[in-house]
Amino acid sequence: MDSNSLQSIEKWWYEFWHSRAQREQIILVILAIFLIFVIAYKTIWLSVKEENQRAKLQLQHQIKQWHWLQKELLKFDNIAIKENPLQNQRGHLSISQIINEQAKKTGLSISRFQQLNQNRTNVTIDKVQYTDLIQWLFKLSQHQITIMKIQIKSIEAKNNNGYVNARITLDKN
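This structure is a prediction, so every number in the text was calculated from the model and none was measured.

1. Looking at the overall build of the protein chain
Within the protein chain, the secondary structure is distributed over four helices and four strands. Going from the N terminus to the C terminus, the protein chain shows its helices and strands as α-α-α-β-β-α-β-β. Relative to its 173 residues, the protein chain shows a buried fraction of 24%. For the protein chain, long-range pairs separated by at least 24 residues make up 63% of all intrachain contacts whose partners lie at least 6 apart in sequence. Just so you have it, the protein chain exposes about 12700 Å², and 56% of that area is on carbon and sulfur atoms.

Here it is as structure tokens:
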């Protein structure tokens, strides 16, 4: 804005304000304060309230997923491990060879495999039975492969009970 526009706005405001009676000026001040509160309420309070609601829904979803995971862990206790990889452990295999070999034996399909270094790997597995995933992780642990980071999400769709997606960082000791 240039100075002429600013001066014309100031002049208009001065004339507008001083042409009003004192009672009208008080009403305008009260109206301005009311508008400030309404705008503050709409912009600050409602956005905080919405974010709080979103956080509550996310927490409820996480609690539901946690309960489901606990139920699935109880199922895993009943799984009989068919073979013991310690009996035929081969220390000369790389982490990627062990991961692939055990995935094949368990019937898992690895969606994404990213070798980070000689001993660390990121693995992504989509739509796998939770019990199969746990069995595979157990077999890997018998080969001294540890979980550094894991993210398991249940697939919430009809007829997909027990299926999960997993993102895992594995490390060979």
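Okay, back to it.
2. A closer look at the confidence of the model for the protein chain
When pLDDT is low, close inspection of the predicted coordinates is not appropriate. Averaged over every residue, the pLDDT of the protein chain is 83; the share at 70 or more is 87%. In the predicted structure, residues 80-90 sits below a pLDDT of 50 and forms 18 contacts with residues beyond four places in sequence or in another chain.

3. Some words on the pairing of strand 1 (residues 112-115)
Here four bridges tie strand 1 to strand 2 (residues 120-129), and the two strands are oriented antiparallel to one another. By the bridge assignment for strand 2, R112 is matched with T124.

4. Looking at helix 4 (residues 130-141)
With 12 residues, helix 4 ought to run about 16 Å at 1.5 Å a step, and its terminal C-alpha atoms sit 17 Å apart, in line with that. Turning to helix 4, its buried residues number three or more, namely Y130, T131, L133, I134, Q135, W136, L137, K139 and L140.

5. Focus: the nonpolar core
I99, L133, W136, L137, L140 and L170 are the most contacted members of the largest nonpolar core, which totals 21 residues. For this core, the elements supplying multiple residues, two or more each, are helix 3 (95-106), strand 2, helix 4 and strand 4 (163-172). Tallying contributions element by element places helix 4 first for this core, with six residues. What L140 contacts, discounting residues up to four positions off in sequence, is I98, I99, Q102, I145 and L170.

6. A closer look at the side chain of D171
Position of D171 relative to the elements: it lies in strand 4. A polar contact is formed between the side chain of D171 and the side chain of R120, at a distance of 3.4 Å. Residue contacts for D171: discarding those within four places in its chain leaves I95, N119, R120, Q144, I145, T146 and M148.

7. Looking at unusual backbone geometry
Backbone geometry places K127, a non-glycine residue, at a positive phi of 50°. Locating K127 in the fold gives a position in strand 2.

How each quantity is defined
Residues numbered from 1 in each chain as written. Predicted model: local features only at pLDDT ≥ 70, side-chain atom pairs only at ≥ 80, totals over all residues. Heavy atoms only, no water. Helix = DSSP H or I, 4+ residues; strand = E, 2+ residues; numbered from the N terminus. Buried < 20%, exposed > 50% of the residue type's maximum accessible area, 1.4 Å probe, protein only. Contact = heavy atoms within 4.5 Å. Areas by Shrake-Rupley, 256 points an atom, 1.4 Å probe, with all protein chains shown as cover. pLDDT = per-residue confidence, 0-100. Pairing = 2+ DSSP bridges. Expected span 1.5 Å × (residues − 1). Core = buried A, V, L, I, M, F, W, Y, C linked by side-chain atoms within 4.5 Å. Polar contact = N/O pair within 3.5 Å; in protein donor to acceptor, adjacent residues only side chain to side chain.

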